[in-house]
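Residue strings, one per chain:
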Amino acid sequence: MIAALKAAHIIALSIWCAGLILLPILLHIYGRRPEMRSQAGFTEFRWLTHYSYIAVITPAAVIAVSVGTVLIFALEVLNAWMLAKLIAVAGMVLLHAWMGHLIVQAGEGRGDFHLPMAGLSLLALVPLIGLVLWLVLAKPSLEELIALLPSILQEPRGNPIPARFNPL
Ligand code: HEM
């Protein structure tokens, strides 16, 4: 069962990561060709970016994150490297959302829309993907990094939940 979940996780995240690398290239290079100024060229660009985003890349991201969440509970992995991995994955999710915003603006925005330098996002994206892979494969203890945190973040304070947040 765990092997099947890990296989699904890895297949989905491979598609997600490949798509996240492809989208900035599509937006930055493909979307700036002179052919984009014709109706046929624009329709092709719109179709390619829209359907790859909504039908392939976003479903792959949802599957990767959902199966990963199930794996956390199935394997009871709640280590520092996993928390660090989740922070890095949050960066990937933000870039994913930004790509979606650019695709909507490029396809449905009114007037002249000048695509920003979407390719520059690769400078953040590729190191983020590398960091996530390193964290999950090397599973470092991160003791030295944790020791740098303020003491208030290192141990439970023993305070009760404020009454206004307690649902019971
Ligand atoms: C919210 C998103 C994610 C969650 C909750 C999650 C969670 C997990 C968990 C619990 C495992 C099992 C770890 C173990 O065997 O000890 C795992 C394995 C793995 N994850 Fe993720 N993951 C997420 C996203 C990603 C992403 C974005 C990548 C790559 C860029 C990734 C790469 C991997 C790899 C390569 C493994 C296999 C590691 C091994 O078997 O040694 N994960 N993930």
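This text follows the structure it describes.
Keep in mind that what you see is a predicted model, and the values were worked out from it rather than measured.

1. A few points about the coordination of the iron atom of the ligand
At 1.9 to 2.1 Å from the iron atom of the ligand lie its protein donor atoms, namely His 9 (NE2) and Lys 85 (NZ). Geometry at the iron atom of the ligand is octahedral, judged from the six donor atoms that bind it and their angles of 86 to 178° at the metal. Of this pair, His 9 sits in helix 1 (residues 2–28) while Lys 85 is found in helix 3 (residues 80–108), placing the two residues 76 residues apart along the sequence.

2. Some remarks on the packing of helix 2 (residues 39–75) against helix 3
Contact pair helix 2 / helix 3: the axes reach a minimum separation of 11 Å and the direction vectors enclose 160°. Classified by the interaxial angle, the pair formed by helix 2 and helix 3 is roughly antiparallel. Handedness of the helix 2/helix 3 crossing: left-handed. Side by side, helix 2 and helix 3 meet where Phe 42, Phe 45, Arg 46, Thr 49, His 50, Tyr 53, Ile 57, Thr 58, Ala 61 and Ile 72 of the first sit next to Met 82, Leu 86, His 96, Ala 97, Met 99, Gly 100, Ile 103, Ala 106, Gly 107 and Glu 108 of the second.

3. As for the site of the ligand
Neighbouring the ligand are 22 residues; Lys 6, His 9, Leu 13, Met 82 and Lys 85 lie closest to it. Within the side chain of Lys 6, one N or O atom sits 2.6 Å away from an oxygen atom of the ligand. Measuring from an oxygen atom of the ligand, one finds a side-chain N or O atom of Lys 139 at 3.4 Å. Among the secondary structure elements, those contributing two or more residues to the shell around the ligand are helix 1, helix 2, helix 3 and helix 4 (122–138).

4. Overview of helix 2
The terminal C-alpha atoms of helix 2 lie 52 Å apart, and with 37 residues this matches the ideal 54 Å at 1.5 Å per residue to within 8%. The principal kink in helix 2, of about 40°, is found at Tyr 53. Glu 76, located one to two residues past helix 2, shows a positive phi value of around 50°.

5. Brief notes about the packing of aromatic side chains
One pass over the structure, following the stated rule, counts one aromatic pair. Seen from the ring of Tyr 30, Arg 33 lies directly overhead, with NZ or CZ sitting 4.0 Å from the centre.

Reading the values: rules and limits
- Residues numbered from 1 in each chain as written.
- Predicted model: local features only at pLDDT ≥ 70, side-chain atom pairs only at ≥ 80, totals over all residues.
- Heavy atoms only, no water.
- Donors = N, O, S within 2.8 Å, 3.2 Å for Na, K, Ca; no water.
- Tetrahedral: all angles 85-135°; square planar, octahedral: opposite > 155°, others 65-115°.
- Helix = DSSP H or I, 4+ residues; strand = E, 2+ residues; numbered from the N terminus.
- Axes fitted to C-alpha atoms, helices over the stretch in contact; angles between N-to-C directions.
- Parallel < 35°, antiparallel > 145°, perpendicular 65-115°, else oblique.
- Left-handed = near helix turned anticlockwise from the far one by under 90°.
- Contact = heavy atoms within 4.5 Å.
- Near = heavy atom within 4 Å.
- Polar contact = N/O pair within 3.5 Å; in protein donor to acceptor, adjacent residues only side chain to side chain.
- Expected span 1.5 Å × (residues − 1).
- Bend = angle between axes of the 7 residues up to and from the residue.
- Phe/Tyr/Trp six-rings, centres within 6.5 Å; stacked < 30°, edge-to-face > 60°.
- Lys NZ or Arg CZ within 6 Å of the ring centre and 35° of its normal.

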